[in-house]
Amino acid sequence: MDDKKTFEEEISESGRLVYTNVGTSMMPLLRQNRDLMIIRKPDGRCQRYDVPLYKRNDGKYVLHRILKVNNDSYVLCGDNCRRREYGITDRQIIGVLSAVVRDGRTIPVSDWRYRVYAHIWCDFFYIRVIILWLKEIYGRLKRKLKR
């Protein structure tokens, strides 16, 4: 990708965006600065379990998973997050994750293992919240004990 192009321009011109993940909100699916995301133009409305790249009203680009599709908006949450984001609309969505490149291997979102992961991680949202909360508490305790 040309450094001077926006994500919107790259997807509009080439039909896709290949970019290195930045941030931890989509772990364990995407590892920061290691995995590549392949994002394509959306083909109609997004569906539950899709991972859209969208632009918040403050201009920040975010890649999170759709938990619920409403008539005029979506409810999204990162795989490594506990809080849901409401009110994301189709006009904010720039593209949708179509594959992940991990350690040189391309994993399409149609892969059965990816689909099982997405279903488990979304369908058992409240269990995920508890797991992430316990992980956070453990990390805090571990840091306190090191001091």
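Given the structure is predicted, the values throughout are model-derived calculations rather than measurements.

1. Notes on the overall build of the chain
Of regular secondary structure, the chain possesses 3 helices and 9 strands. Mapped from its N terminus to its C terminus, the chain presents α and β elements in the order α-β-β-β-β-β-β-β-β-β-α-α. With the C-alpha coordinates aligned to their principal axes, the bounding extent of the chain is approximately 50 × 35 × 35 Å. For the chain, with 147 residues in total, the buried portion stands at 37%. Across the chain, every contact between residues at least 6 apart in sequence was considered, and the portion connecting residues at least 24 apart equals 54%. Charged side chains of the chain number 30 positive and 18 negative; the gap between the two group centres comes to 10 Å.

2. Overview of the sheet that holds strand 6 (residues 74-77)
Read from one edge of the open sheet, 3 strands run 5-6-7, paired in antiparallel fashion. Of all strands in the sheet, those bounded by a partner on one side alone are strand 5 (65-69) and strand 7 (85-88). Taking the axes of each pair of neighbouring strands and ignoring which way they run, one obtains an average angle of 35 degrees across the sheet. Bridging between strand 5 and strand 6 involves 4 bridges; their strand directions are antiparallel. Paired with Arg65 across the two strands is Cys77, which belongs to strand 6.

3. Remarks on the packing of aromatic side chains
Summed over the entire model, instances satisfying the criterion amount to 4 aromatic pairs. Ring geometry for Phe7 and Tyr19: centres 4.9 Å apart, planes at 75 degrees, overall edge-to-face. In this pair, Phe7 is assigned in helix 1 (residues 7-14) and Tyr19 in strand 1 (residues 16-20), connecting sequence segments 12 residues apart. Classification of Tyr19 by relative accessible area gives partly exposed; the value is 32%. Measuring from ring centre to ring centre gives 6.3 Å for Tyr117 and Trp121, while their planes differ by 20 degrees; the resulting arrangement is stacked. Here Tyr117 pairs with Trp121, and both are found in helix 2 (residues 112-123), just 4 residues apart, close to one helical turn. Ring-pair connections join several aromatic residues into one group, and the members of that group are Phe7, Tyr19 and Tyr61.

4. Some remarks on the pattern of salt bridges
For the coordinates displayed, the defined rule picks out 13 salt bridges. The residue Glu10 makes a salt bridge to Lys5 at a minimum N-O spacing of 3.6 Å. Among the residues examined, Glu10 registers a relative accessible area of 12% and is labelled buried. Among the ionic pairs, Asp35 bridges to Arg102, the shortest N-O distance being 3.3 Å. Placement of the pair is Asp35 in the loop between strand 1 and strand 2 (36-40) and Arg102 in strand 8 (residues 93-102), with a sequence separation of 67 residues. When salt bridges that share partners are traced, they join Arg31, Asp35, Arg102 and Asp103 into one network.

About the cut-offs
- Residues numbered from 1 in each chain as written.
- Predicted model: local features only at pLDDT ≥ 70, side-chain atom pairs only at ≥ 80, totals over all residues.
- Heavy atoms only, no water.
- Helix = DSSP H or I, 4+ residues; strand = E, 2+ residues; numbered from the N terminus.
- Buried < 20%, exposed > 50% of the residue type's maximum accessible area, 1.4 Å probe, protein only.
- Contact = heavy atoms within 4.5 Å.
- Lys, Arg positive; Asp, Glu negative; His and termini not counted.
- Charge placed at Lys NZ, Arg CZ, Asp CG, Glu CD.
- Pairing = 2+ DSSP bridges.
- Axes fitted to C-alpha atoms, helices over the stretch in contact; angles between N-to-C directions.
- Phe/Tyr/Trp six-rings, centres within 6.5 Å; stacked < 30°, edge-to-face > 60°.
- Salt bridge = Lys/Arg side-chain N within 4 Å of Asp/Glu carboxyl O.

From the geometry alone we can't say anything about function, so treat these as descriptive.
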